[in-house]
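What follows is the residue order along each chain.
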Amino acid sequence: MAVDIVTDNNAVINEGCITIGRLAPDFVASSTHGVVTMSQFRGKWVLFFSQPGDFTPVSETELISFTQLYHEFEKRNVQLLGITIDSTLADIEWLMDISMRTGITVPFPLLSDRNAEIANLYNMVNPDRVYEESVRDLFIINPDGKIRAIQTYPVSCGRNTYELLRLIDSLQLTEVHNLYTPANWMPGEPVIVPPPHTLEGAMQRIKGESELPIKCSSWYLCFRDYNSINDNNQNNGTNQDNASAQKNKKNK
Ligand code: BEZ
């Protein structure tokens, strides 16, 4: 059960609350790839997403899209994990059906959560929810097991897998280089250097005395050339694949 706790600055927070920065709760689950735990994926990024059920149209398009971009997720060290409330046997039946109709074999595990225990652990079960409403939850978890992003979509709208790759690129840039990304950023484009936390730092930026090669439109909004970031050669390749994949898709 969730317990309220009071922090040092008197904020009341819910100990069981699932939010960015908290550790992703561990669990053991049956899946189409055998028994899996969340903690076994420490050292990798995890994209953990729920779907309302097997043999559902929008969810099938999501599985196909995740499969088509599987190598892009792999390049970024991301483990995909889907979860439904159906049984593993039903999940297997669904994946076999997709494979026979489309020739596409889903290469990542689908977890079974028959009693909604994992859904409760991750606060996916909102008491106001009814079946067929708001049941596409998604968590991006870093290699230390911490939640870095959370997304909830309605059942009616399939998620944008290209946007998820873009979000992962941004999260990885922040994790490794402490850089932020502006609205609609795509890999290769300038990135934002976080604002200074001291008056001295702000003054340095105004006087153009920053140690970093930055271009500023104000003391708090400064950009850095993506290609000037250390050891980004590998990322350049992979991330720009996403940018060109999206452009190719638009041109089709
Ligand atoms: C779907 O994923 O398409 C779906 C899920 C639950 C109810 C209706 C549709």
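In case you missed it, the structure is sitting above this.
Residues numbered from 1 in each chain as written. Predicted model: local features only at pLDDT ≥ 70, side-chain atom pairs only at ≥ 80, totals over all residues. Heavy atoms only, no water.

A closer look at the side chain of Arg 224
And then number 1: Summarising the element assignment, Arg 224 is placed in strand β12 (residues 222-224).
And then number 2: It turns out Arg 224 is buried and unbridged, and the closest side chain with the opposite charge, Asp 225, is 8.1 Å from it.
And then number 3: At 3.2 Å, the side chain of Arg 224 forms a polar contact with the backbone oxygen of Ser 228.
And then number 4: Setting aside its immediate chain neighbours within four residues, Arg 224 contacts Pro 190, Val 191, Val 193, Leu 212, Pro 213, Ile 214 and Ile 229. (Helix = DSSP H or I, 4+ residues; strand = E, 2+ residues; numbered from the N terminus. Buried < 20%, exposed > 50% of the residue type's maximum accessible area, 1.4 Å probe, protein only. Lys, Arg positive; Asp, Glu negative; His and termini not counted. Salt bridge = Lys/Arg side-chain N within 4 Å of Asp/Glu carboxyl O. Polar contact = N/O pair within 3.5 Å; in protein donor to acceptor, adjacent residues only side chain to side chain. Contact = heavy atoms within 4.5 Å.)

As for the sheet that holds strand β11 (residues 214-216)
Backbone-to-backbone hydrogen bonds pair the strands of a sheet. The strands run either parallel or antiparallel.
And then number 1: Spatially, the three strands line up as an open sheet ordered β10-β12-β11, and their pairing is antiparallel. Bordering the open sheet on either side are β10 (191-193) and β11, each of which pairs with just one other strand. Averaged over all adjacent pairs, the angle separating strand axes in this sheet is 40°, with direction ignored.
And then number 2: The pairing of β10 with β12 spans three bridges and is classified as antiparallel. Each bridged residue has a counterpart across the sheet, and for Val 193 the counterpart in β12 is Cys 222. (Pairing = 2+ DSSP bridges. Axes fitted to C-alpha atoms, helices over the stretch in contact; angles between N-to-C directions.)

Points about unusual backbone geometry
And then number 1: A positive phi is found at Asn 123, a non-glycine position, where the angle reads about 55°.
And then number 2: In this structure, Asn 123 sits in the loop between α4 (117-121) and β8 (136-141).
And then number 3: Judged by relative accessible area, Asn 123 falls into the partly exposed class, the value being 46%.
And then number 4: Of note in the backbone geometry, Asn 178 takes a positive phi value of approximately 50° without being a glycine.
And then number 5: On the accessibility criterion, Asn 178 (45% relative accessible area) is partly exposed.

Some thoughts on empty space enclosed by the protein
And then number 1: Under the defined criterion, the tally for this structure stands at one cavity of 30 Å³ or more.
And then number 2: The calculated volume of the largest cavity comes to roughly 70 Å³.
And then number 3: Along the walls of the largest cavity sit Ala 24, Asp 26, Met 38, Ser 39, Phe 41, Arg 42, Lys 44, Val 46, Ile 141, Asn 142 and Gly 145, which together make up its complete lining.
And then number 4: The class makeup of the residues in the lining of the largest cavity is five nonpolar, three polar and three charged. (1 Å grid on protein atoms, 1.4 Å probe; cavity = no way out; pocket = protein on both sides within 12 Å on 5 of 7 lines; lining within 4 Å. Points joined across faces, edges and corners; volume = space filled by probe spheres on them. Nonpolar A, V, L, I, M, F, W, Y, C, P; charged D, E, K, R; others polar.)

Points about the state of the cysteines
And then number 1: For the coordinates displayed, the defined rule picks out one disulfide.
And then number 2: Across the disulfide, Cys 216 is cross-linked to Cys 222 (sulfur-sulfur distance 2.0 Å). Between Cys 216 and Cys 222, the disulfide has an S-S torsion of 110° and is therefore right-handed.
And then number 3: With relative accessibility at 0%, the residue Cys 222 sits in the buried group. (Disulfide = S-S within 2.5 Å.)

Points about the environment of Ile 206
And then number 1: Secondary-structure assignment places Ile 206 in helix α6 (residues 199-206).
And then number 2: Residue classification places Ile 206 among the exposed residues on the basis of a relative accessible area of 60%.
And then number 3: When the C-alpha atoms of Ile 206 and Ser 218 are compared, they prove to be 7.4 Å apart, with 12 residues separating the residues in sequence.

Examining the site of the ligand
And then number 1: Taken together, eight residues are adjacent to the ligand, and Thr 56, Pro 57, Val 58, Ser 59 and Arg 136 come closest.
And then number 2: One of the backbone N or O atoms of Pro 57 is found 3.2 Å from an oxygen atom in the ligand.
And then number 3: Between an oxygen atom of the ligand and a side-chain N or O atom of Arg 136, the distance comes to 2.7 Å.
And then number 4: Bound to the protein, the ligand loses 85% of the 260 Å² it would expose on its own.
And then number 5: Per-element accounting of the shell around the ligand gives the leading share, three residues, to helix α1 (residues 57-68).
And then number 6: Taken together, the residues that form the shell around the ligand break down as four nonpolar, two polar and two charged. (Near = heavy atom within 4 Å. Areas by Shrake-Rupley, 256 points an atom, 1.4 Å probe, with all protein chains shown as cover.)

Some remarks on helix α5 (residues 161-177)
And then number 1: Across its 17 residues, α5 extends 24 Å between first and last C-alpha, which sits within 8% of the 24 Å expected from 1.5 Å per residue.
And then number 2: Of all the positions in α5, only Thr 161, Tyr 162, Leu 164, Leu 165, Arg 166, Ile 168, Asp 169, Ser 170, Leu 171, Gln 172 and Leu 173 are classed as buried.
And then number 3: Its side-chain oxygen 2.9 Å from the backbone nitrogen of Tyr 162, Asn 160 forms the N-cap of α5.
And then number 4: One or two steps after α5, the chain reaches Asn 178, where phi turns positive at roughly 50°. (Expected span 1.5 Å × (residues − 1).)

Looking at the pattern of salt bridges
And then number 1: Considering all chains together, one arrives at nine salt bridges under this definition.
And then number 2: Across the salt bridge formed by Arg 101 and Glu 60, the nearest N and O atoms sit 2.9 Å from each other. Here Glu 60 lies in helix α1 and Arg 101 lies in helix α3 (residues 88-102), a separation of 41 residues in the sequence.
And then number 3: Overall, Arg 101 belongs to the partly exposed group, its relative accessible area being 47%.
And then number 4: Arg 166 is paired through a salt bridge with Glu 163; the nearest N and O atoms lie 2.7 Å apart. A residue pair is termed a helical-turn pair when its members lie 3 or 4 positions apart in one helix, as Arg 166 and Glu 163 do in helix α5 at three residues.
And then number 5: The class of Arg 166 is buried, set by a relative accessible area of 18%.
And then number 6: On the basis of relative accessibility, which here comes to 30%, the residue Glu 163 falls in the partly exposed class.
And then number 7: Connected through salt bridges with shared partners, the residues Glu 72, Lys 75, Arg 76 and Asp 169 form a single ionic network.

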